[in-house]
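Summary of structural features
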Amino acid sequence: MLPVEAATARIDRDLAAAAAARGWWYISPLMQDWITTDNYAAVIDTGIGRYHPTTLGHRYLAERLAAAVGALTR
C-alpha cells in the first residue's frame, strides 16, 4: 500500500471491519492497491494543497469501482 496518512489508513481499516461485522460489502482502493507507484503520478494530482485524483484518475477509479461492484453483484 502506498504511504497514506495514518488517519486515512485507520479509517479504511475501521470501515472494512465494521462492514465485515455486519456482513456488508466493502471495497477498499487502499487494500486492493488501485493506486500504485507505477500509476500514482497519473492518478493523483500532487499540486500544492491538492493530493486528490486527476481527471484521468477519477475515470480510472470510477472504472475500478464499477468493476468491483459488478463482481460483487454477479
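Check the entry above for the structure.
Along each chain, residue indices are assigned from 1 in the same order as the chain's sequence is written. It should be noted that, the model being predicted, local features are given only for residues of pLDDT at least 70 and side-chain atom pairs only at 80 or more, the latter also being counted only at that level, while totals for whole chains, interfaces and linings use all residues. The side-chain figures draw on all heavy atoms in the structure; neither hydrogens nor water molecules are used.

Considering the pattern of salt bridges
A side chain of one charge can pair with a side chain of the opposite charge if their charged atoms are brought near each other. Applicable threshold: The rule for a salt bridge is simple: a side-chain nitrogen of Lys or Arg has to be within 4 Å of a carboxyl oxygen of Asp or Glu. With a 1.4 Å probe rolled over the protein chains alone, any residue whose accessible area is under 20% of its type maximum counts as buried; one over 50% counts as exposed, and the rest are partly exposed.
Here the structure, examined in full by the defined rule, presents 2 salt bridges. Two residues, Arg50 and Asp45, come together in a salt bridge whose shortest N-O distance is 3.7 Å. With a relative accessible area of 47%, Arg50 lands in the partly exposed category. Owing to a relative accessible area of 21%, Asp45 belongs among the partly exposed residues under this scheme. A salt bridge links Arg59 to Glu63; the shortest N-O distance between them is 3.0 Å.

Let's talk about helix H1 (residues 6-22)
Quick reminder of the rule: Numbering of helices and strands starts at the N terminus; helices are DSSP runs of H or I of at least 4 residues and strands are runs of E of at least 2. Expected span, for any helix, means 1.5 Å times one less than how many residues it has. The directions from the helix axis to the C-beta atoms form the arc being described.
Its 17 residues give H1 an end-to-end C-alpha distance of 24 Å, which sits within 8% of 24 Å, the value for a rise of 1.5 Å per residue. For H1, the set of buried residues is Ala9, Asp12, Ala16 and Ala19. Here the buried residues of H1 occupy an arc of 95° about the axis, which is enough to place them on one side. Exposed and facing more than 90 degrees away from the buried side of H1 are Ala6, Ala21 and Arg22. Once H1 ends, the next one or two residues include Gly23, with phi positive near 75°.

Let's talk about the nonpolar core
What counts is decided by this rule: Residues enter a nonpolar core if they are buried and are Ala, Val, Leu, Ile, Met, Phe, Trp, Tyr or Cys, with the set joined through side-chain atoms within 4.5 Å. The contact criterion used is simple: two residues touch if any of their non-hydrogen atoms lie within 4.5 Å.
Grouped together as the largest cluster of nonpolar side chains are 6 residues: Ile27, Trp34, Val43, Ile44, Leu61 and Ala68. Here Ile27 is in contact with Gln32, Trp34, Leu65, Ala68, Val69 and Leu72, once residues within four sequence places are set aside.

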